[in-house]
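Read off the chains here:
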Amino acid sequence: VLPSTSQLKVATASPQITQADLASLSEKGYVVIDNFLPRDLVDDLRDDILNLRSEGAFKEAKIGQDSTNELNTNIRIAETCFLGRNRPELLKLGENSIRDRSGGLYDILDCLCDSLSDLSMKDSATPLDRSLNELLYAYYPEGGFYRRHRDAIPNSASVLRKYSLLLYLNRDG
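Residues numbered from 1 in each chain as written. Predicted model: local features only at pLDDT ≥ 70, side-chain atom pairs only at ≥ 80, totals over all residues. Heavy atoms only, no water.

Novice: Looking at this model, I keep getting lost on helix H1 (residues 19–28). Mind explaining?
Specialist: Residues that lie three or four places apart on an α-helix share one face, since the helix turns once every 3.6 residues. If you check which residues of H1 are buried, you get Asp21, Leu22, Ser24 and Leu25. Buried residues of H1, seen end-on, are gathered within an arc of 160 degrees and therefore sit on one face of the element. Residues of H1 that are exposed and angled more than 90 degrees away from the buried face: Gln19, Ala20 and Glu27. A positive phi of about 90 degrees marks Gly29, the residue just after H1. (Buried < 20%, exposed > 50% of the residue type's maximum accessible area, 1.4 Å probe, protein only. Helix = DSSP H or I, 4+ residues; strand = E, 2+ residues; numbered from the N terminus. Arc of directions from axis to C-beta.)

Encoded structure:
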């Protein structure tokens, strides 16, 4: 697959979470940052999703963890593609994706992780463990959904989760 012309660009400035955003997160337990990603980056990420879907990298989304992971279309209808630097199944599809490029998705998430780790240290004296990060694209087809649910399930690895981050790539309208 050839990169689109937009994929050949190099991002000039990485989006940053501000001190005010971190303060809001600390006080309220959540923060909403409208237009966090520039529109051209959102378009590039959307193209990346379409490319990965066309290459078969997305799988039908399931619910649960490990041995309890099962398909349940009453709770969720979506497709997911797990991401991360050096994932062999993604590397074979190309090494110059917007995810991997300087200033791309992984670099942005590294900066966010640094900021959140600093906040975590202030709140609990425990830094975030980058080896525990889980990153995925979720694609919801027309009619797709994920019912309200609780991610931190007692007696599972999910209780280690400190933060969840959602980057919506929807187009307005």
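What follows picks up the thread again.
Novice: How do you make sense of the nonpolar core when you look at a structure like this?
Specialist: Generally speaking, a soluble globular protein has its nonpolar side chains buried in company with each other. Counting 25 residues, the largest nonpolar core has Leu37, Leu45, Leu52, Cys81, Leu83, Leu90 and Tyr137 as the members making the most contacts within it. If you list the elements that add at least two residues to this core, you get H1, helix H2 (39–54), strand S3 (79–83) and helix H4 (105–124). If one sorts the elements of this core by residue count, H4 sits on top with 7 residues. The residues contacting Leu83, other than those within four sequence positions of it, are Leu52, Leu90, Arg99, Leu105, Tyr106, Leu135, Leu136 and Tyr137. (Core = buried A, V, L, I, M, F, W, Y, C linked by side-chain atoms within 4.5 Å. Contact = heavy atoms within 4.5 Å.)

Novice: What is the right way to look at a nonpolar patch on the surface in this model?
Specialist: A contiguous nonpolar patch, built from Leu132, Val159 and Leu160 and spanning about 310 Å² of accessible area, is present on the exposed surface. The residue Val159 is located in the segment after strand S5 (145–146) in this model. (Patch = residues over 30% accessible without salt bridge, like charges linked within 9 Å, V, L, I, M, F, W, Y side chains within 5 Å. Areas by Shrake-Rupley, 256 points an atom, 1.4 Å probe, with all protein chains shown as cover. Salt bridge = Lys/Arg side-chain N within 4 Å of Asp/Glu carboxyl O.)

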